[in-house]
Amino acid sequence: MSSRRAAGAPAALALVAWLAGCGTATEDLMAIEVSGGPAHVHERIRVTDDGRASCGGPLHQISSQLLLDARETKRQLRPFARNGASFPSARAGTRRYVVRSFDGTVRFAEDAPGPAVLGRATLLTLRLERQLCRG
(Lines give C-alpha, C1' and ligand atoms only; values in the text may rest on other atoms or scores of the structure.)
Protein backbone atom coordinates (compact mmCIF):
# COMPACT_ATOMS: atom_id res chain seq x y z
CA MET A 1 0.00 0.00 0.00
CA SER A 2 2.74 2.48 0.87
CA SER A 3 4.53 1.81 -2.44
CA ARG A 4 1.38 2.88 -4.32
CA ARG A 5 1.28 6.10 -2.35
CA ALA A 6 4.96 6.69 -3.00
CA ALA A 7 4.47 6.08 -6.72
CA GLY A 8 1.63 8.64 -6.89
CA ALA A 9 3.45 11.30 -4.88
CA PRO A 10 5.46 12.80 -7.76
CA ALA A 11 2.32 13.17 -9.89
CA ALA A 12 0.45 14.79 -7.03
CA LEU A 13 3.33 17.20 -6.38
CA ALA A 14 3.46 18.11 -10.05
CA LEU A 15 -0.29 18.80 -10.07
CA VAL A 16 -0.04 20.99 -6.96
CA ALA A 17 2.88 22.93 -8.47
CA TRP A 18 0.98 23.44 -11.72
CA LEU A 19 -2.17 24.63 -9.93
CA ALA A 20 -0.16 26.96 -7.71
CA GLY A 21 1.27 28.64 -10.82
CA CYS A 22 -2.07 29.17 -12.54
CA GLY A 23 -3.03 32.80 -12.73
CA THR A 24 -0.26 34.05 -10.51
CA ALA A 25 2.29 35.33 -12.99
CA THR A 26 2.32 36.64 -16.50
CA GLU A 27 5.05 36.40 -19.06
CA ASP A 28 6.85 39.56 -20.05
CA LEU A 29 6.54 40.34 -23.72
CA MET A 30 9.33 42.90 -23.70
CA ALA A 31 11.14 45.49 -21.64
CA ILE A 32 12.17 48.79 -23.18
CA GLU A 33 14.72 51.09 -21.66
CA VAL A 34 14.95 54.58 -23.12
CA SER A 35 17.52 57.18 -22.16
CA GLY A 36 18.98 60.47 -23.32
CA GLY A 37 17.53 62.93 -25.73
CA PRO A 38 16.94 66.63 -25.09
CA ALA A 39 14.98 65.87 -21.89
CA HIS A 40 17.65 63.44 -20.60
CA VAL A 41 15.02 60.82 -19.84
CA HIS A 42 15.68 57.45 -18.30
CA GLU A 43 12.63 55.21 -18.27
CA ARG A 44 12.01 51.49 -18.09
CA ILE A 45 8.82 50.21 -19.67
CA ARG A 46 7.60 46.65 -19.18
CA VAL A 47 4.93 45.09 -21.42
CA THR A 48 3.34 41.77 -20.47
CA ASP A 49 1.75 39.28 -22.81
CA ASP A 50 -1.63 39.62 -21.07
CA GLY A 51 -2.07 43.24 -22.19
CA ARG A 52 -0.63 45.22 -19.31
CA ALA A 53 2.35 47.52 -19.05
CA SER A 54 4.19 49.71 -16.57
CA CYS A 55 6.67 52.53 -16.44
CA GLY A 56 8.48 51.52 -13.27
CA GLY A 57 5.28 51.23 -11.22
CA PRO A 58 2.27 48.96 -11.10
CA LEU A 59 0.98 47.32 -14.26
CA HIS A 60 -1.89 49.02 -16.10
CA GLN A 61 -4.14 47.67 -18.84
CA ILE A 62 -3.19 48.89 -22.33
CA SER A 63 -5.38 48.94 -25.44
CA SER A 64 -5.68 45.86 -27.61
CA GLN A 65 -4.16 47.80 -30.50
CA LEU A 66 -1.13 48.80 -28.42
CA LEU A 67 -0.66 45.17 -27.34
CA LEU A 68 -0.91 43.98 -30.95
CA ASP A 69 1.65 46.60 -31.98
CA ALA A 70 3.98 45.45 -29.19
CA ARG A 71 3.66 41.80 -30.26
CA GLU A 72 4.32 42.67 -33.91
CA THR A 73 7.30 44.85 -33.00
CA LYS A 74 8.75 42.02 -30.89
CA ARG A 75 8.21 39.57 -33.77
CA GLN A 76 9.97 41.88 -36.24
CA LEU A 77 12.85 42.52 -33.81
CA ARG A 78 13.37 38.79 -33.15
CA PRO A 79 16.15 38.14 -35.72
CA PHE A 80 18.07 41.21 -34.52
CA ALA A 81 17.55 40.34 -30.84
CA ARG A 82 18.85 36.81 -31.37
CA ASN A 83 22.06 38.28 -32.76
CA GLY A 84 22.35 40.99 -30.10
CA ALA A 85 22.26 43.66 -32.80
CA SER A 86 23.27 47.22 -32.08
CA PHE A 87 22.50 50.26 -34.23
CA PRO A 88 24.43 53.18 -32.71
CA SER A 89 24.27 56.84 -33.57
CA ALA A 90 27.21 59.05 -34.41
CA ARG A 91 25.48 62.05 -32.79
CA ALA A 92 25.68 62.78 -29.10
CA GLY A 93 22.48 63.49 -27.20
CA THR A 94 20.11 61.25 -29.16
CA ARG A 95 17.57 59.03 -27.46
CA ARG A 96 18.86 55.51 -27.04
CA TYR A 97 16.74 52.38 -26.75
CA VAL A 98 17.38 48.92 -25.38
CA VAL A 99 14.67 46.36 -26.10
CA ARG A 100 14.90 43.07 -24.20
CA SER A 101 12.80 39.95 -24.67
CA PHE A 102 13.31 36.24 -24.33
CA ASP A 103 14.69 36.41 -27.88
CA GLY A 104 17.61 38.61 -26.80
CA THR A 105 18.51 42.29 -26.79
CA VAL A 106 18.52 45.00 -29.45
CA ARG A 107 20.17 48.38 -28.90
CA PHE A 108 19.60 51.37 -31.15
CA ALA A 109 19.55 55.15 -31.29
CA GLU A 110 16.61 57.11 -32.66
CA ASP A 111 18.52 58.38 -35.69
CA ALA A 112 20.55 55.24 -36.39
CA PRO A 113 20.50 53.70 -39.84
CA GLY A 114 18.92 50.27 -39.73
CA PRO A 115 15.83 48.22 -40.49
CA ALA A 116 12.36 49.80 -40.56
CA VAL A 117 11.36 47.97 -37.38
CA LEU A 118 13.52 50.40 -35.40
CA GLY A 119 11.11 53.20 -36.33
CA ARG A 120 8.20 50.98 -35.30
CA ALA A 121 9.88 50.28 -31.93
CA THR A 122 10.52 54.01 -31.44
CA LEU A 123 6.87 54.86 -32.13
CA LEU A 124 5.67 52.08 -29.84
CA THR A 125 7.91 53.40 -27.06
CA LEU A 126 6.64 56.96 -27.51
CA ARG A 127 3.02 55.78 -27.33
CA LEU A 128 3.73 53.70 -24.19
CA GLU A 129 5.61 56.61 -22.58
CA ARG A 130 2.73 58.97 -23.24
CA GLN A 131 0.21 56.57 -21.70
CA LEU A 132 2.25 55.19 -18.79
CA CYS A 133 5.07 57.55 -17.86
CA ARG A 134 3.47 60.95 -18.29
CA GLY A 135 -0.12 60.32 -17.42
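Computed from a prediction, not measured in an experiment: that's the story for all the values here.

Going through the model one piece at a time under the given rule, you end up with 12 salt bridges. Between Arg52 and Asp50 there is a salt bridge whose closest N-O contact spans 3.0 Å. Classification of Arg52 by relative accessible area gives partly exposed; the value is 28%. Asp50 gets classed as partly exposed once you look at its relative accessible area, which sits at 38%. Of the charged contacts, one joins Asp69 and Arg120 as a salt bridge, the two residues approaching to 4.0 Å between their closest N and O atoms. You can see Asp69 sitting in helix α2 (residues 64-82) and its partner Arg120 sitting in helix α3 (residues 117-133), a full 51 residues away along the chain. When salt bridges with common partners are traced through the structure, they connect Glu33, Arg44 and Arg100 into a single cluster.

All chains considered together, the criterion is met by 1 disulfide. Sulfur-sulfur distance for the disulfide between Cys55 and Cys133 comes to 2.0 Å. Judged by the sign of its S-S torsion, about 105 degrees, the bond between Cys55 and Cys133 is right-handed. Of this pair, Cys55 sits in the loop between β3 (52-54) and β4 (60-61) while Cys133 sits in helix α3; the two residues are 78 residues apart in sequence, bridging distant segments of the chain. Exposure remark for Cys55: the relative accessible area of 25% places this residue in the partly exposed category.

Notably, His40 is not glycine yet its phi reads approximately 50 degrees, a positive angle. Structurally, His40 can be placed in the loop between β1 (28-36) and β2 (41-48).

Next up on the list: the packing of aromatic side chains. Following the criterion strictly, the structure yields 2 aromatic pairs and no others. Arranged with centres 5.9 Å apart and planes meeting at 75 degrees, the rings of Phe80 and Phe87 form a pair that is edge-to-face. Residue Phe80 is classed as partly exposed on the basis of its relative accessible area of 26%. A relative accessible area of 15% places Phe87 in the buried class.

Calculation notes
Residues numbered from 1 in each chain as written. Predicted model: local features only at pLDDT ≥ 70, side-chain atom pairs only at ≥ 80, totals over all residues. Heavy atoms only, no water. Salt bridge = Lys/Arg side-chain N within 4 Å of Asp/Glu carboxyl O. Buried < 20%, exposed > 50% of the residue type's maximum accessible area, 1.4 Å probe, protein only. Helix = DSSP H or I, 4+ residues; strand = E, 2+ residues; numbered from the N terminus. Disulfide = S-S within 2.5 Å. Phe/Tyr/Trp six-rings, centres within 6.5 Å; stacked < 30°, edge-to-face > 60°.

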